[in-house]
Amino acid sequence: MSSTTNSFPAVETRGVVKSFGKGESMVHALKGVDFEARCGEMIMIVGPSGCGKTTLLSVLCGTLKQEAGSVTVFGESLQSMRSSELTAFRGRNIGFVFQQFNLIPTWTALENVSVPLLLAGASRRKAEEAASSLLHKVGIGEKTNTLPSQLSGGQQQRVAIARALVHNPRLIICDEPTAALDAASGRNVLQLLRETALQPERCVVVVTHDSRIFSFADRIAEMEDGRLKALHRPGEYKANYV
Amino acid sequence: MLRLALKMLYGDLAKYTMLVCGLSFCALLMTQQSSVFCGLLLWTTATVRNIRAPIWVADEKVEQVNEVVSLREIEVQRVRSIQGVKWAVPIFWSIQQARLPDGTFQGIQLTGLDSTSLVGQPSHMVAGTVEDLRLPNAVIVDQVAIEKFKKKGITLHLGSTFELNDKEARVVGICKTERSFLGQPYVYTTYSRALEYSPRQRKELSFILASPKDEFRASEVIAQINQLRGMRAFTEQDFAWRTIVWYFTNTGIPISFGIVVLLGVVVGIAIAGQTFYLFVHENLRFMAALKAMGAGMGTLTKMVFLQAFTVGFTGYGLGIGLASAFGTAVLKKGQPPFYMPWQILVFTGAVIVLICCLSAFVGLIKIARTEAAIVFK
Ligand SMILES: Nc1ncnc2c1ncn2[C@@H]1O[C@H](COP(=O)(O)OP(=O)(O)O)[C@@H](O)[C@H]1O
Ligand SMILES: [Mg+2]
């Protein structure tokens, strides 16, 4: 743990509360979460389905507003930002890898990967150059002009990883990145994430309940019923649910 | 990003085709129906457009051209005596029955022209000359007469004859006329012979056609004529316009047809709006993903509007193209009525723009309301 505790904090949440719905059907998804992720580490948020992992992820990247508590990302507090500022902040600082990939089906791999740069105002040529070099880096350089539907799940997730990295954000957020993949592709994707995404000034947060990939984490934050239960080292932790 | 927004649209050819079809159908329906409607209204003014004169004078009770209240022949003199009038001639117009050689009857619009001046003569002769009207028993028939007679197995040509109230009428010319709401062919003859062809009435004159002197404006002369008791004058545009308005206010035809047009517009809007809404709805997840990745509402707005207007203008172009093709085809046939003034194109365009804006707007509201968090689902 000493390798990470001295590094710069990437994400800090204090007492984050979030609930959905009203009255009888109200669900308390987060019941006061204190969470911290540091630059240079890959941290996994694990726990049974419905324990609030995705909600926590949504709150700490600013796509969902918490009811109470604070969220600080790279020293900037998200709750003080207006929604347009949040959007711009996300565009600059956060890369996303989704469970459902969320690649736009009518765009080629190259076009999908170039989007974060285009959104940041880069020219098409610059964006496509960078996208192409990242596609090579994630091992599907020959698929630049292929549509997502013609790629396997593993290949699509590689495109998504390239898209998450292309604008060089400092925080990479992955929600169940292996849930739609078979075991081998899942391991490959995590391997790739560690190799290409993890850098000393960057933090990778992976939400998963896939115990087969726990070993790739530097730290594991275990959640249960809307609370952070414990922090583990990957070797020490065995999931006690499933 | 805008290039990619278009690619989002074109990329799925099946859906794009469906969208464009929805909007073209809407544009086609609106343009075609409105044009048929305008054509129908225009048909009511056919007599004013077939008999050309700057000023029409009628009995003061007359409200539109298809309604005749006879004047006395002396009234022509009264109009002529007005200072600003260059010339004034009588014209006879009435529906009569022509008896064909096979014994059947065909309604016609008998039009009697002043035999000296032939004012109100057909403007487009297909065969023969107008001057031949001065020959005995001479009539000029229009292309509608040829069609109607042909349906009964009778081929009309120069020299053919038929009977009008037991008197012989000989065809000396064939002309082309604007089709009329009443549907009967125009048969031209001279004023005096038209009276012979018709059952005797106390007063015979249908209208007086007049022209202002060069130094007078039509409106001045009309004001002078209106001073005369029992008479009322119009410019030809005014008379045509009043006729259209009269059909609007006095018959159910424009209203019931107008409802059909309106229905077409509503159906068109519903289809087009729905298809575009579906498109936005299907892309909601991807739009939310773009939002999560840092696309602001400004960017998304531009993208959605670009998509909406691309579909809109393509559909509009196709739709009015099809409507024009339809129009060209039916105009050759002469039926159904079809008249597409530029206002219809502007109207359809405006409705399409409205549909695009509205559905883009609804789509954007949906995008704005969607929490970017759905991308994690
Ligand atoms: N948009 C929402 N509306 C209502 N309930 C929600 C919504 N999102 C999440 N929840 C509820 O919040 C709880 C936590 O959900 P989530 O964070 O998705 O869990 P996890 O990702 O750990 O499976 C669940 O009980 C879920 O049903
Ligand atoms: Mg989840």
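Colleague: Explanation requested: the overall build of chain A in the structure shown.
Modeller: A count of helices and strands for chain A gives 7 helices and 10 strands. Its C-alpha radius of gyration of 18 Å places chain A within 12% of the 18 Å reference for a compact globule of 242 residues. When the backbone C-alpha atoms are referred to their principal axes, chain A occupies close to 50 × 40 × 40 Å. A total of 242 residues make up chain A; the buried ones form 57% of that total. Taking as baseline every contact in chain A between residues at least 6 positions apart, the subset at least 24 positions apart corresponds to 69%. Taken as a whole, chain A presents about 10,000 Å² of accessible surface, with 48% of it coming from carbon and sulfur. Counting 27 positive and 23 negative side-chain charges, chain A places the centres of these two groups 3 Å from one another.

Colleague: Where do I start with unusual backbone geometry in this structure?
Modeller: With glycine set apart, most residues show a phi of negative sign, and most peptide bonds adopt trans. All names here are of chain A. A positive phi is found at E176, a non-glycine position, where the angle reads about 45°. Relative to the assigned elements, E176 resides in the loop between β7 (171-175) and α7 (183-197). The backbone of D225 shows a phi angle near 50°, a positive value even though the residue is not glycine. With respect to the helices and strands, the residue D225 is situated in the loop between β9 (219-224) and β10 (227-232). Given the relative accessible area of 49%, D225 is considered partly exposed.

Colleague: When you look at the domain arrangement of chain B in this model, what are you seeing that I'm missing?
Modeller: Interface extent is often summarised as the accessible area lost during association of the parts. If you check the domain split of chain B, you get domain 1 (2-43 + 252-376) and domain 2 (61-229). Summarising the inter-unit geometry, the C-alpha centres of domain 1 of chain B and domain 2 of chain B are found 48 Å apart.

Colleague: How should I be thinking about the site of ligand 1 in this particular structure?
Modeller: Every residue lining ligand 1 is accounted for by A:F20, A:V27, A:A29, A:P48, A:S49, A:G50, A:C51, A:G52, A:K53, A:T54, A:T55 and B:K377. With respect to ligand 1, its neighbouring residues span chains A and B. Between A:G50 and ligand 1, the recorded distance is 2.7 Å, taken from a backbone N or O atom to an oxygen atom. A distance of 2.5 Å separates an oxygen atom of ligand 1 from a polar side-chain atom of A:T55. Considering ligand 1 on its own, with 560 Å² of exposed area, one finds that the protein chains cover 66% of that surface. Breaking the shell around ligand 1 down by element, the ones donating at least two residues are β2 (27-38) and α2 (53-60) of chain A. Looking at the shell around ligand 1 element by element, the count peaks at 3 residues for α2(A). Broken down by class, the residue content of the shell around ligand 1 amounts to 5 nonpolar, 5 polar and 2 charged.

Colleague: How should I be thinking about the pairing of β10(A) in this particular structure?
Modeller: A regular strand places its side chains so that they alternate between the two faces of the sheet. Residues and elements named next belong to chain A. By the bridge criterion, 5 bridges tie β9 to β10 in an arrangement that is antiparallel. When the bridges of β10 are listed, E224 appears paired with R227. Turn length for the β9-β10 hairpin, with the two strands adjacent in sequence and antiparallel, is 2 residues, and the turn residue D225 shows positive phi of about 50°.

Colleague: Please clarify how the pairing of strand β1 (residues 55-59) of chain B should be interpreted in this entry.
Modeller: All names here are of chain B. Counting buried positions along β1 yields 5 of 5 residues, so the element is predominantly enclosed. As judged from the 3 bridges shared by β1 and strand β9 (residues 207-212), these two strands associate in the antiparallel manner. Along β9, the bridge assignment pairs I55 with A210. Pairing analysis gives 5 bridges linking β1 to strand β10 (residues 231-235), with the strands arranged antiparallel. Across the sheet, residue D59 finds its bridge partner in β10, namely M231.

The rules behind these values
Residues numbered from 1 in each chain as written. Chains lettered and ligands numbered in written order. Predicted model: local features only at pLDDT ≥ 70, side-chain atom pairs only at ≥ 80, totals over all residues. Heavy atoms only, no water. Helix = DSSP H or I, 4+ residues; strand = E, 2+ residues; numbered from the N terminus. Rg over C-alpha atoms; globule rule 2.2 N^0.38 Å. Buried < 20%, exposed > 50% of the residue type's maximum accessible area, 1.4 Å probe, protein only. Contact = heavy atoms within 4.5 Å. Areas by Shrake-Rupley, 256 points an atom, 1.4 Å probe, with all protein chains shown as cover. Lys, Arg positive; Asp, Glu negative; His and termini not counted. Charge placed at Lys NZ, Arg CZ, Asp CG, Glu CD. Domains from an automatic or database assignment. Near = heavy atom within 4 Å. Polar contact = N/O pair within 3.5 Å; in protein donor to acceptor, adjacent residues only side chain to side chain. Nonpolar A, V, L, I, M, F, W, Y, C, P; charged D, E, K, R; others polar. Pairing = 2+ DSSP bridges.

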